[in-house]
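Understanding the architecture of this molecule
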Amino acid sequence: MVASEQILTGKQLDLLCINTIRTLAIDAVQKANSGHPGAPMGLAPVSYSLFQQFLRFDPNDPTWPDRDRFVLSNGHASMLLYAMLYLSGVHNVNSSGQPTDELAISLDEIKRFRQIGSRTPGHPEYGVAAGIETTTGPLGQGVGNSVGMAIASKWLAAHYNRPGFELFSYKTYAMCGDGDMMEGVGSEAASLAGHLKLSNLCWMYDNNRVTLDGPADWSFTEDVGARFSAYGWNVTHVTDANDLDALGKAYNNFLNTTDRPTLIVVNSHIGYGSPGKQDTNEAHGEPLGEKETRLAKKNYGWPEDANFLVPDGVLEHFRLGIGKRGSELRLKWSKLFDDYGKKYPEQAEELKQMQRRELPVGWDKDLPSFPADPKGMATRDSSGKVLNAIAQNVPWLMGGSADLAGSDRTRLKFEGAGDFQPGSYGGRNLHFGVREHAMGAAVNGLVVSKIRSYGGTFFNFSDYMKAAIRLASLMEIPSIFIYTHDSISLGEDGPTHQPVEQLAGLRAMPGLVLLRPADANEVVEAWKVIMPLTHQPVVLVLTRQALPTVDRTKYASAAGVAKGAYILVDAPDAKPDVILLATGSEVSLCISAHELLSAAGVKTRVVSMPSWDIFERQSDAYKNQVLPPAVKARVSVEQAATLGWDRYVGPAGKMIGMHSFGASAPAKDVQKKFGFTVEHVVEAAREAIAQLK
């Protein structure tokens, strides 16, 4: 029913709003000739009920810290979110996070769905428009993020709430589909949330029984509700997605559940209202087509020729619903926070700094320094010491490991650090269990919640976290991924655990900072690079085996890490015959080769290159200073695939690296087998020089 002259009853107005959501999705996909109309058509009542009646969210101030979070994990249904943001009147924010007068998503932006430069890309992207809480698309990542968001809410409440000052109580809602349920990361995330009893987390499962290829039961016949019950979730069912009363009862059931997360299984019809495509996979990933669009609109009682129609009364209804309720809640919270600041000024300042991604004054005080030591220590050990020092100065730095904290040295051990566990949510050590996929996604969820978070495991298992690392880079958020056991020098565990191609793969990722420090003091400098970052994720790659701590009275300061690469030791006249380049554990190998070559009269420079991407951002003058174009004889040394090193060694250079997987044997035997010896580096250097004569 659309006629604007009629006085609509409550249920008629509800249906008008729901059909507006549906038709905006249909029209946007049809105009773009690309997209997924079916899920928004089926789920429109589910999102409408949530936004209008339950979501604690102020469209006029969409980043206030205690807002409820809504995650559209089935991101292909992006038009559902864009329609909700437009109809709710969500305002955009500026670079400082302050609301502006501009709508985050306008009707014009919906008309530009999936077009270059629009705020309505094919899948929701964090930072493109306010109200998009995270980037979703790869299925399962959004629900994984939602677990991190729920952890953040529990942790913030435990740390900052005071009697009479409940600053943090926000809930996290995630819409998800069959793909989220089938992807392993979704299962890991659900298992972790159930263990942690995250009662502030609600997933709405779109049980439409259709996947992109065809009926879901071709590949998916499990009892999802039973699985989640086994995970320790509260499971409730809504048998008809169009039943607003049943949806309301389900949301209230979630709000009244205080001891576990909630899954609402919603039976819906993909492509609802389309007579030829409802309940078929054809409604999943392609436009309805002009004929079917007209028939669907006719079923909705909609003008068949109208495009992007928003009937009179719809926007006003949203303003009186989520708009009015959200504004009142946010103003009440702002008054509470002002009063809180007067009574607890230190905590209030911490929260402001956290929201601005600022570091507290003195965040880098008391960092350790390491004396020269030929035996040295593993960089995982020095990193653990630095991490603990920084965490004592940055109260909102928290994280954990995939059941490897004792090995990757990510445990915070100082007094008061504590463990984040069910019913005890103040601890800063997270125990992710053997769930690398979920850990990566949850870390991103924590970081978009403005908590500085890290996750650690063995470097080889970064493969399990690739999607999360990639999305952190795409979102431009400062997630920290700590990886140890970084090379074939892992030794006896063998090639299944020895990373070979991981450095090359991650170096190819746009926007990611990768650091592989060479000794304990380079680790300190690496953390000095990491902590001030606000828009870039970091991969920190560390050794299990001990590395010599370089004598900085003899060799250059480790402060050169800040430029990505630096001259560690040079020929006496700064005019080398050959340049040795390396990262991480292989730098000490190059130092030893330098000493042998120098003793033999070969002028040699050693360049430590802990971060290629940081080095690439330096001026041409600096890069040419470190790697003079005139010096063609160069040798790179890295216990990894050589892919990419050619840009630094040039056509006349030599690359000592891995061209196969590793082997299971003691580290020294493995290093010798694959040519990572001082003698081999010296030989390669002489060959590089000789072939230029």
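Below is a short write-up of the structure. Because the structure is predicted, anything quoted here is derived from the model rather than measured.

Turning our eyes to something else, we now look at helix H16 (residues 466-475). For H16, the complete set of buried residues consists of Ala468, Ile469, Leu471, Ala472, Ser473 and Met475. Considering only its buried residues, H16 is in contact with helix H5 (141-160), helix H15 (436-448), strand E13 (480-484), helix H17 (502-507) and strand E15 (538-541). Just past H16, the residue Glu476 takes up positive phi, approximately 60 degrees.

With that settled, consider the nonpolar core. One finds Leu198, Trp203, Leu515, Trp527, Val539 and Leu580 to be the most contacted residues of the largest nonpolar core, which totals 155 residues. Among the elements that make up this core, the one with the highest residue count is H5 (nine residues). With residues up to four places along the chain from it excluded, the contact list for Leu580 reads Cys590, Ala593, His594, Leu597, Thr604, Arg605, Val606, Val607, Val635, Val681 and Ala685. Counting residues in hydrophobic clusters, the runner-up holds 64 residues, among them Phe54, Leu55, Met79 and Ala129.

Interhelical geometry of helix H7 (residues 184-196) versus helix H8 (residues 224-231) gives an angle of 45 degrees and a closest axis separation of 8 Å. On the basis of the axis angle, H7 is oblique to H8. Seen from H7, the contacting residues are Ser187, Ala190, Ser191, Gly194 and His195; seen from H8, they are Arg227, Phe228 and Tyr231. The residue inventory of the contact of H7 with H8, partitioned by class, reads three nonpolar, four polar and one charged.

Another aspect to go through is the environment of Gln353. Its place among the elements puts Gln353 in helix H12 (residues 345-355). By relative accessible area, Gln353 is classed as buried at 12%. Between the alpha carbons of Gln353 and Leu542 there is a distance of 30 Å; along the sequence they are 189 residues apart. Gln353 has contacts with Glu358, Leu359, Pro360 and Trp396, leaving out every residue within four places of it along the chain.

With that out of the way, let us pick up the layout of surface pockets. Each pocket or cavity is described by its volume, and for the largest pocket that value is around 1300 Å³. Around the largest pocket, the lining comprises 44 residues; the ones closest to its centre are Thr63, Ser96, Gly97, Gln355 and Lys450. If you list the elements that add at least two residues to the lining of the largest pocket, you get strand E2 (91-93), helix H11 (314-343), H12 and H16. The dominant element in the lining of the largest pocket, judged by the number of residues it contributes, is H11, at five residues. Tallied by class, residues from the lining of the largest pocket come to 18 nonpolar, 14 polar and 12 charged. Empty space within the second largest pocket amounts to approximately 500 Å³.

Right, let's get into the sheet that holds strand E6 (residues 234-238). Strands sit in the order E1-E4-E5-E7-E6 across an open sheet of five strands; the sheet is parallel. At either margin of the open sheet sits one strand with a lone partner, and together these are strand E1 (69-72) and E6. Across the sheet, the mean angle from the axis of one strand to that of its neighbour is 15 degrees, orientation sign disregarded. Pairing geometry for strand E5 (residues 201-207) and strand E7 (residues 262-267), over six bridges, is parallel. Bridge pairing links Asn207 to Asn267 in E7. Those strands touched by helix H2 (residues 38-54) are E1, strand E4 (172-176), E5 and E7, and its axis lies near 170 degrees from that of E4.

We now examine the pattern of salt bridges. Counted by the stated rule, this structure contains 34 salt bridges. The residue Glu616 makes a salt bridge to Arg647 at a minimum N-O spacing of 3.7 Å. Taken as a pair, Glu616 in helix H20 (residues 612-616) and Arg647 in helix H22 (residues 646-649) lie far apart in primary sequence, 31 residues in all. For Arg647, a relative accessible area of 53% translates into the label exposed. Across the salt bridge formed by Asp620 and Lys623, the nearest N and O atoms sit 3.8 Å from each other. Note that Asp620 and Lys623 are positioned in helix H21 (residues 620-626) at a spacing of three residues, about one turn of the helix. Three or more residues are tied together by salt bridges with common partners; here these are Asp486, Arg507, Arg516, Glu586 and Glu638.

Conventions and cut-offs
- Residues numbered from 1 in each chain as written.
- Predicted model: local features only at pLDDT ≥ 70, side-chain atom pairs only at ≥ 80, totals over all residues.
- Heavy atoms only, no water.
- Buried < 20%, exposed > 50% of the residue type's maximum accessible area, 1.4 Å probe, protein only.
- Helix = DSSP H or I, 4+ residues; strand = E, 2+ residues; numbered from the N terminus.
- Contact = heavy atoms within 4.5 Å.
- Core = buried A, V, L, I, M, F, W, Y, C linked by side-chain atoms within 4.5 Å.
- Axes fitted to C-alpha atoms, helices over the stretch in contact; angles between N-to-C directions.
- Parallel < 35°, antiparallel > 145°, perpendicular 65-115°, else oblique.
- Nonpolar A, V, L, I, M, F, W, Y, C, P; charged D, E, K, R; others polar.
- 1 Å grid on protein atoms, 1.4 Å probe; cavity = no way out; pocket = protein on both sides within 12 Å on 5 of 7 lines; lining within 4 Å.
- Points joined across faces, edges and corners; volume = space filled by probe spheres on them.
- Pairing = 2+ DSSP bridges.
- Salt bridge = Lys/Arg side-chain N within 4 Å of Asp/Glu carboxyl O.

Just geometry here; none of it tells us what the structure is for.
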